[in-house]
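Examining the three-dimensional arrangement
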Amino acid sequence: MELSVVIPVYNEAANILVLYQRLQQAIRPMAIAYELVFVNDGSTDQSLALIKQLAQQDAQVRYLDFSRNFGQQIAISAGLDKVRGQAVVILDGDLQDPPELISALYAQWQKGHDVVYARRKTRAGESFLKKSTARFFYRLLTRLTRTPLPVDVGDFRIISRKVVDTLKQMPEQQKFIRGQIAWIGFPQTFLEYDRPERHQGQSGYSYSKMIRLALDGITSYSNLPLKMATVSGFVVSGIAFLVMLYTLYSRFIIRDYVPGWSSLMISILFLGGVQLIAIGIIGEYISRLSENVRNRPLYIINETNIPEK
Ligand code: UDP
Ligand code: MG
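Residues numbered from 1 in each chain as written. Chains lettered and ligands numbered in written order. Predicted model: local features only at pLDDT ≥ 70, side-chain atom pairs only at ≥ 80, totals over all residues.

Looking up the protein in an unreviewed UniProt entry gives the name Glycosyltransferase family 2 protein, with the organism given as Adhaeribacter radiodurans. Recorded in UniProt under Sequence similarities (unreviewed entry), the annotation for the protein is "Belongs to the glycosyltransferase 2 family. GtrB subfamily." According to UniProt, the comment filed for the protein under the heading Subcellular location (unreviewed entry) is "Cell membrane". (UniProt positions renumbered as here; feature names shortened; annotations may be inferred.)

So, the site of ligand 1
In the neighbourhood of ligand 1, 17 residues make up the surrounding shell, with Pro-8, Tyr-10, Gly-93, Ser-203 and Gly-204 lying closest. Contributing elements (two or more residues each) for the shell around ligand 1: β1 (3–9) and α3 (72–82). Looking at the shell around ligand 1, its residues break down into five nonpolar, seven polar and five charged. (Near = placed C-beta within 6 Å. Helix = DSSP H or I, 4+ residues; strand = E, 2+ residues; numbered from the N terminus. Nonpolar A, V, L, I, M, F, W, Y, C, P; charged D, E, K, R; others polar.)

Section: the sheet that holds strand β2 (residues 34–40)
With mixed pairing, the eight strands of this open sheet are ordered in space as β7-β5-β6-β4-β1-β2-β3-β8. Only two strands of the sheet have a single neighbouring strand rather than two, namely β7 (188–195) and β8 (301–304). On average, adjacent strands in this sheet sit at an angle of 20 degrees to one another, irrespective of strand direction. On top of the sheet, helix α6 (residues 161–168) reaches β4 (87–90), β5 (115–123) and β6 (153–160); it is set at about 110 degrees to β6, its chief contact. (Pairing = 2+ DSSP bridges. Axes fitted to C-alpha atoms, helices over the stretch in contact; angles between N-to-C directions. Contact = placed C-beta atoms within 7 Å.)

Some points on the UniProt feature "domain: Glycosyltransferase 2-like" (unreviewed entry) in the protein
Taking the UniProt record as the reference, the feature "domain: Glycosyltransferase 2-like" (unreviewed entry) is found at residues 4–166. Helix makes up 42% of residues 4–166 and strand 25%, whereas the separation of the span's terminal C-alpha atoms amounts to 17 Å.

The structure is reproduced here in structure tokens:
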């Protein structure tokens, strides 16, 4: 098996047949042995039925069906657990990642790059809010960490068997695959493309899912927020100490009896805010720690046509 394509699918019924055709047209001319691994992430529409139909007609189509919606990152991880290819492409099911780019990705992989990611030159049809929050997030994450994350890059990429096997050894429950791959290292390069609009249907990413992904990315990638909580604690205590000296000075030396209600309120509110933020940051890490300690399976498979190894 030379090439595997992993496709997370959440309510993509309107896209699957077109996607399949375009994948076939793109990969067949490459004349290599390949498989298409669809991971149905708890879709509530006809997605699974369509995938099973394809699998009946075409032995190269394999699928995993989750017991419920686990999220795109976990769907990709499950696909990676099962693929057999020497090179693996990760691709969205809504045709925002054009299958026509696969041969170019594959060619770069053949030149010896373990990771070839596709960088978005432009993004059509996405809201200003989505683009600007994404932009802010990746710039923030690059600041927070020592292993820089490529900017304007999603999960669309080709990775080598070496990278897949390394990913399988990373057991954390909060998956942020593009971050993990950046952390792994190995020779990496990129291609550029213009990202089209989603073909049909609606984005499966609500803002709450996006925020969860962002927090997973930050917490699994960097401990800097924890350190910032400590540092801000020291800074605020330092300021408080200076203010205390000044208060004593004005009380006993200048004998100045100003009723300091506003300064009191401000410092109480300020301190309370800093403490709550710090506790919140710690909470984000602790909740993830406890999820990992519980050690549940990352996903639950309802049905598949992939035989156990
Ligand atoms: N997806 C998924 N589970 C989810 C949400 C999305 O598997 O809970 C899949 C979806 O079917 C698509 C890919 O992840 O193949 C990207 O999702 P989407 O296009 O909805 O996100 P956007 O491009 O709007 O960020
Ligand atoms: Mg999309």
